[in-house]
Amino acid sequence: MLENAVDAIALLDDHGCFLDGNQALCQLLGIPRTSLAGRLFSAFTVADGAVNPLDLLLQTEQPAIGMFGVRPVLGVPLDVEYTFTPKVLPSTHLLILRNISQHQRATEEELRRQRQRVELFSEVTLKIRQSLQLKEILHTTVTEVQRILQADRVLIYQVFPDGTGKAISEAVLPNHRPILEMQFPEEVFPVDYQRLYAQGRVRAIADVHEPAVGLAQCLVEFVDQFDIKAKLIVPILQNLSSHPPTEANPQHQLWGLLIAHQCNSPRHWVDFELELMQQLADQISIALAQAQLLGHLEELVEVRTAELQEVNRNLQQEINDRMQAEAALRQSEEQLRLITNALPVLIAYVDDQQKYRFNNQAYADWLGQTPDEIWGYHLQQVWATDCYHRMQPYVKAALAGQVVTYENEIVLHDGSLRSVDVTYIPHLDEQQLVKGFFALTNDISDRKAIERMKDEFISVVSHELRTPLTSLHSALKILATGRLGTLTSGGQQLLGIADDSTERLVRLVNNVLDLQRIESGNVVMDRQVCNAAELMIRATEVMQAMAEQHEITLVTQPLDVLIWADSDYILQTLINLLSNAIKFSSPGGTVWLTVAAKAIAMTTSLDELSPIKPLQPTAKLSMPHLPTIAWFQVRDQGQGIPTDQLERIFERFQQVDSSDSRKKGGTGLGLTICRKIIEQHDGKIWAESVLGQGSTFSFTLPALPE
Ligand code: ADP
């Protein structure tokens, strides 16, 4: 047993000298057995520090197991594992040694190789990760695998949904046939295989011809075409979604295969190779996911870029449009300024704070202040106090949204006094809020002067005419009595014509004088409390004869409404309107004269009583505390007035038919006088008519509350 034991066995005495040893011991120490006895074992041990391990064992005399180094006669030191059993016989100790150097080396070698593989793997992974380009990643993978595995061919085979596939990346040694870009039919890679690989199967075939491998004959023939003897196949899976997988929707899909071929001879694939291939296939899976993400990202970037470009284009267009619009605006502003500056009227824009925001050149000419100086000034800062106060009611009306026109007097920078006609036009925004108003001021001093001269002239002429006319009229009347002699019938007729014409002339002169007096403002209305009913009765009494002459029925409905008016002038107005109604009615017709009292709300303006919105007269005051108006109406069944003439007939000498003056004996001044009288009473007068059916003339006067 001693002789045949693999371990080295030594018997030592108390001093550590060999008593005996077996063959294995002699081999371990490199000495012949004959020279063994009597030699000190400590001469062969590697001392760890000052104490020899063997001396320690002998001193303690305890059984021990351990390791120390042994230095053979020749060769390198060895690591040995020992078992020490003291005193197996008196003064005899047993030492069994086993050489473990080889095993240790093997372990170290293995460790070194593993470290190398890890380094290799991380190096390859890094290379793969350094690129986002899938093609480059695949190429790096096959090249590196081929290099590390020393395989004849390494390729990446992409599997398409229809089962066909293609080698899309390949690293092959020059003496072997490349299969890159070759398209393979479905049969090469049956559906069953696909399913297995999709589940993660790895196939390592050491020899394709080995019947135990179970490759179909056709597949063996196929691989023979490429001299393939051994192959290692790992799947490359694609992660489909982050949702949990279902049967119908597996989490992974087989994207392709990473394949290593050995062509010259069969090859037994080792675990490390399998592991490397698997891990690299996983890296490709990650790269695929990243590529997919990158694809999405690129798509997104492309879409976003296109959108941004579109937005940019639109913006550019907008900028161009705006620049053009601004240029056009500048040009039109320039033109506007040129035009407004060329006009001999004051043109301004005043904001809702009564501050000037635009003025034309005329302001500089008239007031001695340039538009730039006036800009931002309040009206009060530009105009004299009295002038500013006269403006105020109209400014307020304009800022309340009304178009207003009025006359004013202003003092220019040279001290001259000017009559002006002013119009304010409110400026409304989209919400119909007043932002300010446009102000137009016209110098009407010359017109005023002419008007004054004309009025004076008319006054003088009319007065000069009236006296001889009155005597002429009286003379004709006396002649008509026959007291100064009888006239022939022809003479009577001529006298009649002369009398009519004189009467018309007298009326005309009277009308002209009336109008001129009222217009010149020389007439002061003597307003007193009077009853509408009384005036109506008096007017009908005056007109009764004329009505009968024209075969017209005169109907009046007097009502006790107290008014604040000059009774003579209101009577004149009623007579004028009744006379027109009778004149323009056919015989057999009826003319009505009515009055009504009507309460109006404070906010109701008289405009609401205009012909466009006729109100039904109400005799009873529903709200006695509110201001009331008396509403007179003269209605006939005559020929009527065309709509477009309804306003015009209130102007001087305006008649619907120019022959009216001759046929009906009118002057065309009656309605003008009526309007002037009513306006002086703060009332309103207007006409409504249906052609062929009749007309209604209405006027309102302020009434006294009950
Ligand atoms: P005239 O003295 O001509 O009547 P007015 O100023 O009173 O002058 O009237 C002006 C014109 O208005 C008349 O010539 C006539 O054409 C028209 N007119 C006035 N009242 C009536 C009416 N009741 N019916 C039809 N036309 C009328």
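Coordinates for the structure precede this section.
J.: I would appreciate a short explanation of the overall build of the chain in the present structure.
T.: When you go through the chain residue by residue, the secondary structure sums to 17 helices and 24 strands. Relative to the compact-globule value of 27 Å for 706 residues, the chain shows a C-alpha radius of gyration of 65 Å, a clear excess of over 25%. Across its three principal axes, the chain shows a C-alpha extent of roughly 210 × 70 × 55 Å. Across the chain, contacts joining residues at least 24 apart in sequence account for 58% of those joining residues at least 6 apart. Accessible surface, the chain as shown: approximately 40,300 Å² in total, 55% of it carbon and sulfur. Within the chain, one finds 59 positive and 87 negative side-chain charges whose respective centroids are separated by 4 Å.

J.: Is there a simple way to think about the sheet that holds strand β7 (residues 153-159) in this case?
T.: Adjacent strands of a sheet form backbone hydrogen bonds with each other and so pair up, either parallel or antiparallel. Strand order in the open sheet formed by 6 strands is β9-β8-β7-β12-β11-β10, and the pairing between neighbours is antiparallel. Only two strands of the sheet have a single partner each, and these edge strands are β9 (183-184) and β10 (203-205). Pairing of strand β8 (residues 165-172) with β9, which is carried by 2 bridges, proceeds in the antiparallel orientation. By the bridge assignment for β9, Lys 166 is matched with Gln 183. The strands touched by helix α4 (residues 134-149) are β7, β8, β11 (230-239) and β12 (252-262); relative to β8, the strand with the most contacts, the crossing angle is about 50°. Across the face of the sheet, helix α7 (residues 271-342) comes into contact with β7, β10, β11 and β12 while running at roughly 30° to β11.

J.: Looking at this model, I keep getting lost on the environment of Glu 61. Mind explaining?
T.: Within the secondary structure, Glu 61 is located in the loop between α2 (53-60) and β4 (64-70). C-alpha of Glu 61 to C-alpha of Lys 87: the two residues are 26 residues apart in sequence and 7.8 Å apart in space. Apart from residues no more than four positions distant in its own chain, Glu 61 is found in contact with Pro 86 and Lys 87. Among the polar contacts made by the side chain of Glu 61, one reaches the side chain of Lys 87 at a distance of 2.7 Å.

J.: I keep staring at the nonpolar core and nothing clicks. Help me out?
T.: Proteins that are soluble and globular tend to have nonpolar side chains buried together. Ranked by internal contacts, the top residues of the largest apolar core, which has 49 residues, are Ile 563, Phe 632 and Phe 699. A per-element tally of this core places helix α15 (residues 567-583) first, with 8 residues.

J.: Hey, could you run me through α4 in this one?
T.: Each α-helix winds once per 3.6 residues, and so residues spaced three or four apart point in a common direction. Taking 1.5 Å per residue as the helical rise, α4 with its 16 residues ought to reach 22 Å, and the 22 Å between its terminal C-alpha atoms agrees with that figure. The complete set of buried residues in α4 reads Ile 137, Leu 138, Thr 140, Thr 141, Val 142, Glu 144, Val 145, Gln 146, Ile 148 and Leu 149. In the segment just after α4, Gln 150 is the residue with positive phi, at about 55°.

J.: Would you take a moment to explain helix α12 (residues 445-481) for this structure?
T.: Taking 1.5 Å per residue, 37 residues should reach 54 Å; α12 reaches 53 Å between its end C-alpha atoms and fits that length. Of all the bends in α12, the greatest reaches close to 25° and is centred on Arg 466; the proline Pro 468 follows between one and four positions later. Residues of α12 that are buried include every one of Ser 445, Lys 448, Asp 455, Ser 459, Ser 462, Leu 469, His 473 and Leu 476, and no others. In this fold, the buried residues of α12 make contact with β15 (404-411), β16 (417-428), β17 (434-443) and α13 (489-520). Downstream of α12 by a residue or two, Gly 482 has a phi angle that is positive, lying close to 85°.

J.: Is there a simple way to think about the packing of helix α14 (residues 532-549) against α15 in this case?
T.: Two numbers describe a pair of packed helices, the interaxial angle and the distance between the axes. Across the interface, α14 lies against α15 with an axial gap of 9 Å and an inter-helix angle of 35°. In this structure, the crossing between α14 and α15 has a hand that is right-handed. On α15, the residues touching Leu 535, Met 536, Arg 538, Ala 539, Thr 540, Val 542, Met 543, Met 546 and Ala 547 of α14 are Ser 567, Asp 568, Ile 570, Leu 571, Leu 574, Ile 575, Leu 578, Ser 579, Ile 582 and Lys 583. Partitioned by chemical class, the residues of the contact of α14 with α15 number 13 nonpolar, 3 polar and 3 charged.

J.: For this particular structure, what's the right way to read the sheet that holds strand β3 (residues 45-46)?
T.: Ordered in space as β2-β1-β6-β5-β4-β3, the 6 strands form an open sheet in which the pairing is antiparallel. Looking along the sheet, the strands with just one partner apiece sit at the ends: β2 (18-21) and β3. With 3 bridges joining them, strand β1 (residues 8-12) and β2 adopt antiparallel strand pairing. By the bridge assignment, Leu 12 is partnered in β2 with Phe 18.

J.: Explanation requested: the packing of α12 against α13 in the structure shown.
T.: α13 packs onto α12 with a crossing angle of 150° between their chain directions and a minimal axis gap of 9 Å. Judged on the interaxial angle alone, α13 and α12 are roughly antiparallel. α13 is crossed by α12, and the crossing has left-handed handedness. A class-by-class count of the residues in the contact of α12 with α13 yields 14 nonpolar, 7 polar and 6 charged.

J.: Is there a simple way to think about the environment of Gln 544 in this case?
T.: By secondary structure assignment, the location of Gln 544 is in helix α14. Taking relative accessible area as the criterion, Gln 544 reaches 31% and is therefore assigned partly exposed. Sequence-wise, Gln 544 and Gln 431 are 113 residues apart; in three dimensions their C-alpha atoms are separated by 56 Å.

J.: Just to check I follow, could you spell out the pattern of salt bridges for this structure?
T.: Note on pairing: side chains with opposite charge can pair once their charged atoms come close. Under the definition given, this model contains 24 salt bridges. Between Asp 7 and Arg 98 there is a salt bridge whose closest N-O contact spans 2.9 Å. Within this pair, whereas Asp 7 is found in the segment before β1, its partner Arg 98 is found in strand β6 (residues 92-99), the two being separated by 91 residues in sequence. Where Lys 477 meets Asp 499, a salt bridge forms, and the shortest distance between an N and an O atom there is 3.0 Å. One end of the pair, Lys 477, is in helix α12; the other, Asp 499, is in helix α13, with 22 residues separating them in the sequence. Residue class for Lys 477 comes out partly exposed when judged on its relative accessible area of 37%. Beyond isolated ion pairs, a larger network of salt bridges with shared partners links Glu 407, Arg 447, Lys 448 and Glu 451.

J.: Help me out: how do you make sense of unusual backbone geometry in this one?
T.: A negative phi holds for most residues other than glycine; trans holds for most peptide bonds. Its identity as a non-glycine residue notwithstanding, Lys 87 has a phi of 50°, on the positive side. Secondary-structure assignment places Lys 87 in strand β5 (residues 78-89). We note that Asp 682 has phi near 60°; this positive angle belongs to a residue other than glycine. Turning to its location among the elements, Asp 682 is positioned in the loop between α17 (670-680) and β23 (684-690).

Parameters at a glance
Residues numbered from 1 in each chain as written. Predicted model: local features only at pLDDT ≥ 70, side-chain atom pairs only at ≥ 80, totals over all residues. Heavy atoms only, no water. Helix = DSSP H or I, 4+ residues; strand = E, 2+ residues; numbered from the N terminus. Rg over C-alpha atoms; globule rule 2.2 N^0.38 Å. Contact = heavy atoms within 4.5 Å. Areas by Shrake-Rupley, 256 points an atom, 1.4 Å probe, with all protein chains shown as cover. Lys, Arg positive; Asp, Glu negative; His and termini not counted. Charge placed at Lys NZ, Arg CZ, Asp CG, Glu CD. Pairing = 2+ DSSP bridges. Axes fitted to C-alpha atoms, helices over the stretch in contact; angles between N-to-C directions. Polar contact = N/O pair within 3.5 Å; in protein donor to acceptor, adjacent residues only side chain to side chain. Core = buried A, V, L, I, M, F, W, Y, C linked by side-chain atoms within 4.5 Å. Buried < 20%, exposed > 50% of the residue type's maximum accessible area, 1.4 Å probe, protein only. Expected span 1.5 Å × (residues − 1). Bend = angle between axes of the 7 residues up to and from the residue. Left-handed = near helix turned anticlockwise from the far one by under 90°. Nonpolar A, V, L, I, M, F, W, Y, C, P; charged D, E, K, R; others polar. Parallel < 35°, antiparallel > 145°, perpendicular 65-115°, else oblique. Salt bridge = Lys/Arg side-chain N within 4 Å of Asp/Glu carboxyl O.

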